[in-house]
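# Observations on the three-dimensional arrangement
As a plain string of letters, each chain reads:
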Amino acid sequence: MRSIVSTNRFIPPILLVILSVMLTLVGCAPASTTSPTSSTSKVVIDWVDFIHIGGILYLNSPEKSGRSLTKSDLGPVFATVTFKLAGNVQTQNYRSKDGDAAFLDAGTKLYAVKGYKPTFRLAAQVNNAITLYEADTNPHARKGSDLLDIGGKVRSIGIVSDQDGVTELAAIKDPKQVATLVNFVMQAPIGQSLMLGKLRYFIVFHLADGTVVTRAYWLDTGELQRGILLSKAFGDAIKAALPASH
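Remember, it's a predicted structure, so these values are computed and weren't measured experimentally.

All right, on to the confidence of the model for the protein then. Scored by pLDDT, the protein has a mean of 83; 79% of the residues are at 70 or more. This stretch, residues 1-40, has a pLDDT under 50; its non-local contacts, to residues over four places away or in other chains, come to 108 contacts.

This is the structure we're talking about:
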């Protein structure tokens with residue numbers, strides 16, 4: 001189990017990686033700030049934007065280089081939020097339950113996203129704005145395809161610098177190579193105990209529908225966020241695509 005609290009509510013792709021590095025217990029929310037000298041002080045919890053459905057922890061997936069979802073992308077209602085943590089939970093020891101959400105109100109409908117398994121993507125519509133959530137951890141996941149439903153849907157693969165989470169260092173566009181690398185991801189075993197390395201990039205999967213999936217990748221350990229353990233062949237392809245200076 002990992003925690004689902006952060007000291008920053010803005011969650012660009014780079015912060016998703018920081019969360020995976022720093023957080024240790026799903027559903028347990030340590031305080032972002034406390035004041036031990038005051039008997040009347042309260043724990044201040046700054047939640048990560050998550051939903052917990054069917055045992056799966058989904059995190060908000062902000063659009064960085066892909067298009068935003070529209071109403072036409074929404075499938076049927078898959079689940080409904082039953083409890084909002086922000087403003088209602090003041091204890092560090094709370095463990096999230098199915099139906100919990102950090103910021104979505106109870107009663108908020110969660111929709112399947114057309115073309116994707118709901119175990120990978122869900123979406124919420126609030127005040128005409130659509131928020132996309134993608135699976136971060138799934139206790140039932142055994143291989144990459146159980147976490148990322150992108151097989152046969154990737155148009156190109158970008159390799160982005162971890163310095164700013166934006167600068168693209170290289171791109172893989174050959175359809176055969178793209179298909180091979182995505183297959184490596186789909187078949188890779190899962191080990192969600194975190195094997196973080198030192199040499200990190202962001203792998204951006206540009207999908208055929210114009211949306212993107214961004215995940216951190218540690219070249220020295222072969223881990224693709226979160227816990228997808230990729231082969232040496234995948235790493236060799238990434239190294240070959242990168243400029244010599246990297």
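This is not the end of the story, as more comes after the structure.
Packing of helix α2 (residues 175-187) against helix α3 (residues 232-241) brings their axes to within 10 Å, and their N-to-C directions diverge by 140°. Comparing their axes, α3 and α2 come out oblique. Regarding α2 and α3, the two cross each other, and that crossing is left-handed. Contacts between α2 and α3 pair Gln177, Leu181, Phe184 and Val185 from the former with Ala233, Phe234 and Ala237 from the latter. Its residues placed into classes, the contact of α2 with α3 shows six nonpolar, one polar and no charged.

Our focus in this paragraph is the packing of aromatic side chains. Enumeration according to the criterion identifies four aromatic pairs in this entry. Over the ring of tyrosine 116 we find arginine 121, and its NZ or CZ is 4.5 Å from the ring centre.

Turning next to the sheet that holds strand β13 (residues 223-224). Through backbone hydrogen bonds, the strands of a sheet pair up, either in parallel or in antiparallel fashion. One open sheet accounts for six strands, arranged β10-β9-β11-β12-β13-β14; its pairing is antiparallel. Edge positions in the sheet fall to β10 (168-172) and β14 (228-229), since each of these pairs with one other strand and no more. Relative to β13, strand β12 (residues 212-218) runs antiparallel, the two sharing two bridges. Bridging across to β13, tyrosine 217 finds its partner in leucine 224. Running over the sheet, α2 touches β9 (154-161), β10, β11 (200-207), β13 and β14 and is turned about 75° from β9. Packed onto the sheet, α3 meets β9, β10, β11 and β12 and runs at close to 120° relative to β10.

Next up on the list: the pairing of β9. With seven of its eight residues buried, β9 lies for the most part within the structure. Where β9 meets β11, seven bridges bridge the pair, whose relative direction is antiparallel. Each residue of the ladder has a partner; that of serine 156, found in β11, is histidine 206. If you look at the hairpin formed by β9 and β10, you'll find six residues sitting between the two strands, and glycine 165 has a positive phi there, around 70°.

Turning our attention to the environment of tyrosine 201. You can see tyrosine 201 is positioned in strand β11. Judged by its relative accessible area of 4%, tyrosine 201 falls in the buried class. C-alpha separation for the pair tyrosine 201 and isoleucine 159, spaced 42 residues apart in sequence, amounts to 6.6 Å.

About the criteria used
Residues numbered from 1 in each chain as written. Predicted model: local features only at pLDDT ≥ 70, side-chain atom pairs only at ≥ 80, totals over all residues. Heavy atoms only, no water. pLDDT = per-residue confidence, 0-100. Contact = heavy atoms within 4.5 Å. Axes fitted to C-alpha atoms, helices over the stretch in contact; angles between N-to-C directions. Helix = DSSP H or I, 4+ residues; strand = E, 2+ residues; numbered from the N terminus. Parallel < 35°, antiparallel > 145°, perpendicular 65-115°, else oblique. Left-handed = near helix turned anticlockwise from the far one by under 90°. Nonpolar A, V, L, I, M, F, W, Y, C, P; charged D, E, K, R; others polar. Phe/Tyr/Trp six-rings, centres within 6.5 Å; stacked < 30°, edge-to-face > 60°. Lys NZ or Arg CZ within 6 Å of the ring centre and 35° of its normal. Pairing = 2+ DSSP bridges. Buried < 20%, exposed > 50% of the residue type's maximum accessible area, 1.4 Å probe, protein only.

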